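# An overview of the molecular structure
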Amino acid sequence: MSERRHMSWFKKKNQRIESVPAEERRVKTEGVFEKCPECDAALYKRELEESLHVCPHCGHHFRIGARLRLAILYDEGKYEELDAEVTSNDPLDFVDTQPYKERLEQARRRTGLPEAVINGRGLVGGHLVMASAMDFSFLGGSMGCAVGEKITRNIERAIRARASVVIVSQSGGARMQEGTLSLMQMAKISAALAFLDRARLPYISVITDPTTGGVTASFAMLGDLNIAEPKALIGFAGPRVIEQTIRQKLPKDFQTSEFLLEHGMLDAVVDRRELRDWIVRALDFMYNPEVHFQPLKPELPLGNGAGTLPEALLGSQDEKPEEKSEAEPEVKS
Ligand SMILES: [Zn+2]
């Protein structure tokens, strides 16, 4: 009894000295200010939103989510979200410290995202663009079967519609819980991009902080243009693993956008506030209005990304031109 009184007397004294606990103090300004981790400036949240979550003082790029990313990219922030129904279904029945199914469920609830990538369709500077944006807040932006399928569908959709592809990477790499099936997504997406290339359509890869592992080792580095935001971490394995393997000290700024640009791995490092205009200029440049391509199979439905694209691409070359049916007169505007 006397011991308890003694203890409580102690605690009371502590509480009086620290009148407001540190956590409560933070809560009061949480909705208004955000502190820049780079220059320590206190930034108004509204001010930060207006500068696309880039610190106006030092240019630090805060990490942003997939939906905001697409809104920033598309004309007037308008796009149609596609393939939201494509989600991972735990093909290996995987359990580590927690069942994978539960992890997925939690990630969906916490982020409000169906998967680690969001597909959009819309206009960028008047050009039809199929864009996929990854989101690190969903299981580290990891690439499982659903992520691979969604990105592949968007690329195939672009081929059908003769549109461009923009993929914004933000990922820790392959999704461990789907084992080797995750690794197969690297080949699958790369194959789809090869068809896009054959169809002579542009792909711009936008690499953001952080992009590592299987994503860097596949589609993030396969763009006609590979561009990155400033000071983004971009790499395959982490620096510690590399140092241990090659037994050498790594240079300063190793695995940053600027280092990669200097060493010829990137085409440009672009500030987020200029990113949209940059992409519009690039698309204007890459689309030559003098050149008109015949769609290989114009009658293919545009809405459905899933299907037999290779046949559609390859088969059409041997096909005779379609005869015009009398019963279906051509539609005139
Ligand atoms: Zn700053």
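Residue positions are given per chain, counting from 1 as you read along its sequence in written order. Only residues with pLDDT of 70 or above have their local features reported here, since the model is predicted, and side-chain atom pairs are shown and tallied only from 80 upward, although totals for entire chains, interfaces and linings are computed over all residues.

### Observations concerning the overall build of the protein chain
To be explicit about the condition: Numbered from the N terminus, helices here are DSSP runs of H or I no shorter than four residues, and strands are runs of E no shorter than two. Burial is judged by counting the other C-beta atoms within 10 Å of a residue's own C-beta: 20 or more makes it buried, 12 or fewer makes it exposed, and any count in between marks it as partly exposed, with every C-beta position built from the backbone. In this description, any two residues whose backbone-derived C-beta atoms lie within 7 Å of each other are considered to be in contact.
Check the secondary structure of the protein chain and you find twelve helices and nine strands. Buried positions account for 37% of the 333 residues belonging to the protein chain. The long-range share in the protein chain, meaning contacts at least 24 apart out of those at least 6 apart in sequence, stands at 68%.

### Quick notes on the sheet that holds strand β3 (residues 80-82)
Pairing between the strands of a sheet is mediated by backbone hydrogen bonds and can be parallel or antiparallel. The condition that has to hold: The rule for pairing is simple: two strands pair if DSSP sees at least two bridges between them. The axes used here are C-alpha line fits, helices contributing only the stretch in contact, and every angle between their N-to-C directions lies in the interval 0 to 180 degrees.
What the seven strands build is an open sheet, ordered β3-β4-β5-β6-β7-β8-β9; its pairing is mixed. The open sheet has two free edges, formed respectively by β3 and β9 (268-269), since each of these has just one partner strand. Pairing of strand β8 (residues 225-228) with β9, which is carried by two bridges, proceeds in the parallel orientation. Residue pairing across strands places I227 opposite A268, the latter belonging to β9. Strands β4 (117-124), β5 (127-134), β6 (164-171), β7 (203-211) and β8 of the sheet are contacted by helix α11 (residues 272-286), whose axis makes an angle of about 65 degrees with β4.

### Regarding the confidence of the model for the protein chain
Worth spelling out the cut-off: pLDDT is defined as a per-residue confidence score from the predictor, taking values between 0 and 100.
Overall, the prediction assigns the protein chain a mean pLDDT of 85, with 77% of residues at 70 or greater. Confidence drops under a pLDDT of 50 for residues 1-6, and excluding neighbours within four residues, the segment shows zero contacts in the predicted structure. pLDDT under 50 marks residues 314-333. Its contacts with residues more than four places away, or in other chains, come to two contacts.

### Some points on the environment of V206
Residue placement: V206 occurs in strand β7. By C-beta crowding, V206 is classed as buried, having 27 other C-beta atoms within 10 Å. For the pair V206 and I167, spaced 39 residues apart in sequence, the C-alpha separation works out to 6.0 Å. With sequence-adjacent residues up to four places away left out, V206 is seen in contact with V166, V168 and I227.

### Considerations on α11
Operational definition: By this rule, a helix spans an expected 1.5 Å times one less than how many residues it contains.
Its 15 residues give α11 an end-to-end C-alpha distance of 21 Å, which sits within 8% of 21 Å, the value for a rise of 1.5 Å per residue. Buried residues in α11 make contact with β4, β5, β6, β7 and β8.

### Describing the environment of L181
Relative to the elements of secondary structure, L181 occurs in helix α7 (residues 179-198). For L181 and M143, which are 38 residues apart along the polypeptide, the C-alpha to C-alpha distance reads 9.7 Å. Sequence-distant contacts of L181, that is, excluding residues within four places in its chain, are made with P91 and C145.

### As for the pairing of β5
Rule in force here: If the strands point away from the viewer and the path from the first strand over the helix to the second runs clockwise, then the crossover is right-handed.
Summarising burial for β5: six of the eight residues are buried, a large majority. The pairing of β4 with β5 spans eight bridges and is classified as antiparallel. Along β5, the bridge assignment pairs N119 with S132. Linking two consecutive strands that pair antiparallel, namely β4 and β5, is a turn of two residues; a positive phi of about 60 degrees is found at G125 within it. The pairing of β5 with β6 spans five bridges and is classified as parallel. In the strand pairing of β6, V129 is matched with S164. A crossover links β5 with its parallel partner β6, the connecting element being helix α6 (residues 145-161), and its sense is right-handed.

### Regarding the nonpolar core
Condition: Any nonpolar core is a set of buried residues, restricted to Ala, Val, Leu, Ile, Met, Phe, Trp, Tyr and Cys, that join up through C-beta atoms within 7 Å.
By size, the foremost hydrophobic cluster in this structure holds 58 residues, and its most contacted members are V166 and L196. Counting residues per element, this core draws most heavily on α6, at seven residues. When neighbours within four sequence positions are excluded, V166 is seen to be in contact with L73, V129, A131, I204, V206 and I279.

### Topic: unusual backbone geometry
Between D209 and P210 the backbone carries a cis peptide bond, its omega angle lying at -15 degrees. In this model, D90 sits at a positive phi of 55 degrees, which is unusual for a non-glycine residue. Examined against the element boundaries, D90 turns out to sit in the loop between β3 and α5 (100-111). In the Ramachandran plot, D253 falls in the positive-phi region, its phi being about 65 degrees despite a non-glycine side chain. On the secondary structure map, D253 appears in the loop between α9 (239-246) and α10 (257-262). On the basis of neighbour counts, which here come to 12 C-beta atoms within 10 Å, the residue D253 falls in the exposed class.

### Topic: the environment of S88
In this fold, S88 is placed in the loop between β3 and α5. The exposure class assigned to S88 is buried, which follows from the 25 C-beta atoms found within 10 Å. Taking C-alpha positions, S88 is 8.8 Å from K101, a pair spaced 13 residues apart along the chain.

### A few points about α6
Counted at 1.5 Å a residue, the expected span for α6 with its 17 residues is 24 Å, and the 24 Å between its end C-alpha atoms agrees. The buried count for α6 comes to 16 of 17 residues, which makes it a mostly enclosed element. Residue R162 follows α6 closely and has a positive phi angle near 50 degrees.

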